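The primary structure of each chain is shown beneath.
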Amino acid sequence: MENVRLNIDGTIETIPKWDQAALLACLARQIELAPDYTLRSFFRMLANYDALVHLNAFFPDLLDQFRRGPDDGCRVAGIDWLVLEKTVEMVGFPGEPRLDIYRRFTGWYGEKSVPIKNFQVDMLLNTEVRLGKLRHVIFGDQVDVFEFDTVFTLFELVEGIGWELGFHGTPRECQIRR
């Protein structure tokens, strides 16, 4: 199956904005981000393809924040880019072991992960978005964490970013200053 390319102008290559059936059919396809794809590009995509907004209850409010945000200068000192990652973690040993699979959307500064929960969406809009690796954690052992190349689907990108940003509600007056 071919990849789906996400463009910086918010379009999905080969999927017209009006073709909701084609959009839904590509949710499980692997994505490729255009060079210089930013969080602003992501929100432009949501604005272009309104069916995607229904995938996460937080999107209407987040889109409103995006639309009210400034057109440029939306970067935070100390965050070079944003990364969507996957984690597969074996937990529950001893006892009933289980496997948790989740996504994480975080900032990066050099080689260090930086939480973004204290920043409003409009403060991060011009920050580049990248696709990260899959981390495999065995029974909480942070020493033996394995990292692998992986793929992300359109659904994983939309839901992963939406879930993380849905918890960003700190009033601007309480923002961490750098």
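Here goes a summary of the coordinates provided. (Residues numbered from 1 in each chain as written. Predicted model: local features only at pLDDT ≥ 70, side-chain atom pairs only at ≥ 80, totals over all residues. Heavy atoms only, no water.)

### Digging into the side chain of R29
What counts is decided by this rule: Secondary structure elements are defined from DSSP: runs of H or I of at least 4 residues count as helices, runs of E of at least 2 residues count as strands, and each element is numbered from the N terminus. Polar contacts here mean pairs of N or O atoms no more than 3.5 Å apart (in protein, one a potential hydrogen donor and the other a potential acceptor; neighbouring residues in sequence count only if both atoms are side-chain atoms).
By secondary structure assignment, the location of R29 is in the loop between α1 (20-25) and β2 (31-33). A polar contact of 3.1 Å, which involves the side chain of R29, links it to the backbone oxygen of E2.

### What about helix α2 (residues 39-48)?
The condition is simple: Each residue is placed in one exposure class: buried if its accessible area under a 1.4 Å probe, protein chains only, is under 20% of its type's maximum, exposed if it is over 50%, and partly exposed if it falls in between. Here, residues are in contact when the closest pair of their heavy atoms is within 4.5 Å.
Taken across its ten residues, α2 has eight buried, putting it largely inside the fold. Within α2, burial applies to L39, R40, S41, F42, F43, M45, L46 and N48. Looking at the packing, one finds that the buried side of α2 touches β1 (4-6), α3 (59-68), β3 (81-91), β4 (98-109), β6 (128-138) and α4 (154-165).

### Describing the pairing of β3
Threshold: Whether two strands pair depends on DSSP finding at least two bridges between them.
Within β3, ten of the eleven residues are buried, which leaves it mostly tucked inside the rest of the structure. Sheet topology places β3 next to β4; eleven bridges connect them, and they run antiparallel. Counted as the bridge partner of V88 is I101 from β4. Between β3 and the antiparallel strand that follows it, β4, lie six residues; G92 among them carries a positive phi value of about 90°.

### Looking at the packing of aromatic side chains
Applied cut-off: Note on ring pairs: Phe, Tyr and Trp rings are taken, using the six-membered ring of Trp, and paired if centres are within 6.5 Å. Classes follow the plane angle, with under 30 degrees stacked, over 60 edge-to-face and the rest tilted. Placement of a charge over a ring requires the Lys NZ or Arg CZ to be within 6 Å of the ring centre, with the centre-to-atom vector within 35 degrees of the ring normal.
Applying the stated criterion to the full structure yields four aromatic pairs. Geometrically, the ring pair formed by F42 and F59 is tilted, given 6.1 Å between the ring centres and 55° between the ring planes. Taken together, the residues F42 in helix α2 and F59 in helix α3 connect sequence positions 17 residues apart. With 6.4 Å between their ring centres and 65° between their planes, F58 and W163 make a pair best called edge-to-face. Taken together, the residues F58 in the loop between α2 and α3 and W163 in helix α4 connect sequence positions 105 residues apart. Relative accessible area serves as the criterion here: at 47%, W163 is assigned to the partly exposed category. An aromatic cluster is built from F42, F43, F59 and F66, whose rings are joined through pairwise contacts. Against the face of F152 rests K86, its NZ or CZ located 5.0 Å from the ring centre.

### Some points on the side chain of N7
Along the chain, the position of N7 falls in the loop between β1 and α1. By relative accessible area, N7 is classed as buried at 16%. Residues contacting N7, with those up to four places away along its chain left out, are I12, E13, A34, Y37 and S41.

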